[in-house]
Amino acid sequence: MPIFNDLNLNNWKDSEIWTDSLWLIPERDKTGKHDGFYHGNFVPQIPRQLILRYTKKNDVIFDPFVGSGTTAYEAESLSRHFIGIDIQEALVEKLKSRVDNNKYFSEIILGDSAKELVYDKVNEILEKQKKKNINLAILHPPYADIIKFSDSKDDLSNVKSLKEFLDKFAEVLKNTIKILENGRYLAIIIGDKYSAGQWIPLSFYCMNEAQKLGLTLKSVIIKNMAGNRAKQNKEAIWRVAQNTLGFVTQ
Ligand SMILES: C[S@@+](CC[C@H](N)C(=O)[O-])C[C@H]1O[C@@H](n2cnc3c(N)ncnc32)[C@H](O)[C@@H]1O
């Protein structure tokens, strides 16, 4: 199995990599460009761990739900190239003005990542930069309709049913797999939802979509923001906040 990172495997225990399947994160990293303004963002520590573990310097990271750019900033600070897509124009414009596009390219595209057309732009960027593929995909979609991100009918948070959400998400997966280097990793970060007295395991449904497309499941990780509960003196109450699911292409 080839090694897809720059870690020294002889002393990986001294690295900052987390190898356990429960990530207890004391608090959000607010350093650098991370200002945490965006409702619905993830903590920078998640993309950081994935990038360090599954890529090397100069690799290309792809995020089809880039939002406020958490993945872009982590890619930048770890000397990786980046391509991101989001459906919200104002967000894309803001992010374009904040990323550093000099030594390592960081390209932000406006579009619907469930549609094939927008991937022509991704391929144009890859060709221009003399890169064959992307080397890691990080997917942090809306958690179905929990937070409404925009008024666009193509926004995954404006779905009318679970089936519609999963169909659209499967399209994003299909498009992403086409540009992902063979044998490389794709991670899905999503929370479950509770509605009408029922637990809806969005994370497992999304995992199922990835497996239907032939990806191999490598890991399921549960993340908990320990600090959020500690502040309320409720350390003992745990909630499954987000699942990070790692997949590889075949
Ligand atoms: C959970 S947020 C991602 C947040 C991001 N990880 C961050 O830290 O800021 C999901 C994002 O998906 C975007 N989105 C929803 N439907 C989309 C679609 N069809 N194509 C591209 N982006 C979409 C939303 O605008 C939102 O910014």
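1. Quick look at empty space enclosed by the protein
Turning to step 1, where the next piece is worked out: Counted by the stated rule, this structure contains two cavities of 30 Å³ or more.
Turning to step 2, where the next piece is worked out: Taken as a whole, the largest cavity spans an internal volume of roughly 80 Å³.
Turning to step 3, where the next piece is worked out: Residue lining of the largest cavity: 13 residues in total, with His34, Asp35, Gly36, Ser68 and Thr70 positioned closest to the centre.
Turning to step 4, where the next piece is worked out: Grouping the constituent residues of the lining of the largest cavity by class yields four nonpolar, five polar and four charged.
Turning to step 5, where the next piece is worked out: The space that makes up the second largest cavity amounts to roughly 40 Å³.
Turning to step 6, where the next piece is worked out: If you trace the second largest cavity, you find it lined by Phe37, Ser68, Tyr73, Leu91, Lys94, Leu95 and Arg98.
Turning to step 7, where the next piece is worked out: If you tally residues by element for the lining of the second largest cavity, the top one is helix α3 (residues 89–98), at four residues.
Turning to step 8, where the next piece is worked out: Across the lining of the second largest cavity, the residue classes break down as four nonpolar, one polar and two charged.

2. Points about helix α5 (residues 162–179)
Turning to step 1, where the next piece is worked out: The end-to-end C-alpha separation of α5 is 26 Å, in line with the 26 Å expected for 18 residues at 1.5 Å each.
Turning to step 2, where the next piece is worked out: Taken residue by residue, α5 has Phe165, Leu166, Lys168, Phe169, Ala170, Val172, Leu173, Asn175, Thr176 and Ile179 as its buried positions.
Turning to step 3, where the next piece is worked out: Here the buried face of α5 lies against β2 (60–63), α4 (118–128), β5 (134–139), β6 (180–190) and α6 (202–212).

3. Structural notes on unusual backbone geometry
Turning to step 1, where the next piece is worked out: Backbone geometry at Asn58 places phi at a positive 80 degrees, although glycine is not the residue there.
Turning to step 2, where the next piece is worked out: Counting through the fold element by element, Asn58 comes out in the loop between α1 (45–54) and β2.
Turning to step 3, where the next piece is worked out: Look at Lys130: it is not a glycine, yet its phi comes out positive at around 55 degrees.
Turning to step 4, where the next piece is worked out: Looking at where Lys130 falls in the secondary structure, it is placed in the loop between α4 and β5.
Turning to step 5, where the next piece is worked out: Residue Lys130 is classed as exposed on the basis of its relative accessible area, which comes to 75%.

4. Side note on the pairing of strand β1 (residues 22–25)
Turning to step 1, where the next piece is worked out: Residue alternation in β1 divides its side chains into a buried set, Trp23 and Ile25, and an unburied set, Leu22 and Leu24.
Turning to step 2, where the next piece is worked out: Looking at chain direction, β1 and strand β9 (residues 216–225) are connected through four bridges and run parallel. Each bridged residue has a counterpart across the sheet, and for Ile25 the counterpart in β9 is Met225.

5. Section: the site of the ligand
Turning to step 1, where the next piece is worked out: As a structural note, the neighbourhood of the ligand is formed by 25 residues, with Tyr38, Ser68, Thr70, Asp86 and Asp112 the closest of them.
Turning to step 2, where the next piece is worked out: Between the ligand and Ser113, the relevant distance is 3.0 Å, taken from a nitrogen atom to a main-chain nitrogen or oxygen of the residue.
Turning to step 3, where the next piece is worked out: The separation between a nitrogen atom of the ligand and a polar side-chain atom of His140 is 2.8 Å.
Turning to step 4, where the next piece is worked out: Starting from 610 Å² of accessible surface for the ligand in isolation, the protein chains cover 99%.
Turning to step 5, where the next piece is worked out: When its residues are assigned to classes, the shell around the ligand shows 11 nonpolar, 10 polar and four charged.

6. Regarding the side chain of Thr55
Turning to step 1, where the next piece is worked out: You can see Thr55 is positioned in the loop between α1 and β2.
Turning to step 2, where the next piece is worked out: Classification of Thr55 by relative accessible area gives buried; the value is 0%.
Turning to step 3, where the next piece is worked out: One polar contact links the side chain of Thr55 to the main-chain carbonyl oxygen of Ile51, over a distance of 2.6 Å.
Turning to step 4, where the next piece is worked out: Leave out the neighbours within four places in its chain, and Thr55 touches Phe4, Asn5, Asp6, Leu50, Ile61, Arg80, Asn135, Leu136 and Arg184.

7. Looking at the nonpolar core
Generally speaking, soluble globular proteins have nonpolar side chains that are buried together.
Turning to step 1, where the next piece is worked out: By size, the foremost hydrophobic cluster in this structure holds 37 residues, and its most contacted members are Phe62, Ile83, Val122, Phe165, Leu186 and Ile188.
Turning to step 2, where the next piece is worked out: At the level of secondary structure, the elements contributing two or more residues to this core comprise β2, β3 (81–86), α4, β5, α5, β6 and α6.
Turning to step 3, where the next piece is worked out: If one sorts the elements of this core by residue count, α5 sits on top with six residues.

Basis of the calculations
- Residues numbered from 1 in each chain as written.
- Predicted model: local features only at pLDDT ≥ 70, side-chain atom pairs only at ≥ 80, totals over all residues.
- Heavy atoms only, no water.
- 1 Å grid on protein atoms, 1.4 Å probe; cavity = no way out; pocket = protein on both sides within 12 Å on 5 of 7 lines; lining within 4 Å.
- Points joined across faces, edges and corners; volume = space filled by probe spheres on them.
- Nonpolar A, V, L, I, M, F, W, Y, C, P; charged D, E, K, R; others polar.
- Helix = DSSP H or I, 4+ residues; strand = E, 2+ residues; numbered from the N terminus.
- Expected span 1.5 Å × (residues − 1).
- Buried < 20%, exposed > 50% of the residue type's maximum accessible area, 1.4 Å probe, protein only.
- Contact = heavy atoms within 4.5 Å.
- Pairing = 2+ DSSP bridges.
- Near = heavy atom within 4 Å.
- Polar contact = N/O pair within 3.5 Å; in protein donor to acceptor, adjacent residues only side chain to side chain.
- Areas by Shrake-Rupley, 256 points an atom, 1.4 Å probe, with all protein chains shown as cover.
- Core = buried A, V, L, I, M, F, W, Y, C linked by side-chain atoms within 4.5 Å.

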